Amino acid sequence: MRVLKALMISTVLLMPLGALAQTGPGAPPPGLITVTGEGAVQGAPDMAVLSLGVTTQAPTAVAAMGANTAALAVVLDRLKAAGVAERDLQTSNLTLNPNWTGYDQGAQPVIAGYTASNQLTVRIRDLAGLGAVLDAAIADGANTMNGLTFGLSDPAPATDKARQAAVADARARAELLVGAAGASLGRIVSITEGGGFVQPAPMFKSASAESAAVPVEGGEIATVATVTMVFEIAE
């Protein structure tokens with residue numbers, strides 16, 4: 001036991017005083033800087049998502065639903081003929097509601113028919129035929145359109161590039177701030193990824209006499225990523 005104590009004491013005595021000060025319990029923690037970087041990658045979309053619907057009215061619920069079913073079936077057939085695959089067609093939000101009337105006459109409201117509605121989400125992978133697909137849907141019964149967005153069928157490569165750009169941006173900001181304060185950047189303490197997203201930037205061109213199809217262009221979309229990084233500050 002005495003030999004072990006003697007070895008411990010000699011080891012401590014051989015350590016530099018600066019090292020003892022840095023590793024002791026009273027040593028001040030290193031300064032930290034927290035920055036958030038953002039990276040964006042621009043690119044042309046290769047697919048579009050179209051949300052449209054069919055709304056029909058009739059005196060009875062059965063008639064309204066029957067008319068809606070028939071109209072939607074025609075729209076689906078035309079979209080398939082335009083080259084849209086079955087896996088890219090999805091129906092949703094089927095509703096059937098009574099049409100009440102008589103509120104403004106002070107009498108008991110009564111049902112004056114029914115409205116049936118069915119929504120359809122269409123993924124279009126051939127953007128060159130997007131205008132023709134829109135024409136086909138509208139011509140055969142689709143009478144509501146809820147939105148058109150552009151995207152990437154495989155966003156992973158663009159997202160990875162945006163992440164790399166976000167890290168580079170965060171480091172550059174940290175180096176600028178620390179350098180302005182007369183210090184230098186130390187090691188990385190932590191990296192936290194923020195929410196990435198795709199920012200659509202659709203462009204629409206005016207109709208022309210040469211083309212009967214609905215004139216739509218995808219423009220460019222931005223894939224954006226953010227990261228928050230914590231660095232030590234080296235004095």
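If you're wondering where the values come from, they're calculated on a predicted model, not measured in any experiment.

### Some details on the nonpolar core
Across soluble globular proteins, nonpolar side chains show a tendency to be buried alongside one another.
Turning to step 1, where the next piece is worked out: Leu50, Val75, Leu79, Leu120, Val122 and Leu130 are the most contacted members of the largest nonpolar core, which totals 22 residues.
Turning to step 2, where the next piece is worked out: Elements with a minimum of two residues in this core: β2 (47-58), α3 (61-81), β4 (110-124), α4 (130-139) and β5 (144-151).
Turning to step 3, where the next piece is worked out: Tallying contributions element by element places α3 first for this core, with five residues.
Turning to step 4, where the next piece is worked out: In this structure, Leu120 is in contact with Leu50, Ser51, Leu52, Gly53, Leu72, Val75, Leu76, Leu79, Gln90 and Thr91, ignoring residues within four places of it in sequence.
Turning to step 5, where the next piece is worked out: Within the second largest apolar cluster, nine residues are counted, among which are Ala170, Ala174, Val178 and Met229.

### A word on the sheet that holds β5
Turning to step 1, where the next piece is worked out: Here we have four strands laid out as an open sheet, ordered β3-β4-β2-β5, and antiparallel in their pairing. One side of each edge strand has no neighbouring strand; the edge strands of this open sheet are β3 (89-101) and β5. Here the strands of the sheet are splayed against their neighbours by 15 degrees on average, with no regard to which way each runs.
Turning to step 2, where the next piece is worked out: As defined by bridge partners, β2 adjoins β5 across seven bridges and the pair is classed as antiparallel. In the sheet register, Leu52 faces β5, and the bridge partner there is Met145.
Turning to step 3, where the next piece is worked out: Lying over the sheet, α4 contacts β2, β4 and β5, oriented at roughly 165 degrees with respect to β5.

### Here's the deal with the pattern of salt bridges
Turning to step 1, where the next piece is worked out: By the definition in use, this model includes seven salt bridges.
Turning to step 2, where the next piece is worked out: Measuring nitrogen to oxygen at the nearest pair gives 3.8 Å for the salt bridge that ties Lys80 to Glu86.
Turning to step 3, where the next piece is worked out: Residue classification places Glu86 among the exposed positions, given a relative accessible area of 59%.
Turning to step 4, where the next piece is worked out: The closest approach of N and O atoms between Glu193 and Arg163, which form a salt bridge, is 2.7 Å. Of this pair, Glu193 sits in strand β6 (residues 184-193) while Arg163 is found in helix α5 (residues 156-180), placing the two residues 30 residues apart along the sequence.
Turning to step 5, where the next piece is worked out: The class of Glu193 is partly exposed, set by a relative accessible area of 42%.
Turning to step 6, where the next piece is worked out: The partly exposed category is assigned to Arg163, whose relative accessible area is 35%.

The rules we used
Residues numbered from 1 in each chain as written. Predicted model: local features only at pLDDT ≥ 70, side-chain atom pairs only at ≥ 80, totals over all residues. Heavy atoms only, no water. Core = buried A, V, L, I, M, F, W, Y, C linked by side-chain atoms within 4.5 Å. Buried < 20%, exposed > 50% of the residue type's maximum accessible area, 1.4 Å probe, protein only. Helix = DSSP H or I, 4+ residues; strand = E, 2+ residues; numbered from the N terminus. Contact = heavy atoms within 4.5 Å. Pairing = 2+ DSSP bridges. Axes fitted to C-alpha atoms, helices over the stretch in contact; angles between N-to-C directions. Salt bridge = Lys/Arg side-chain N within 4 Å of Asp/Glu carboxyl O.

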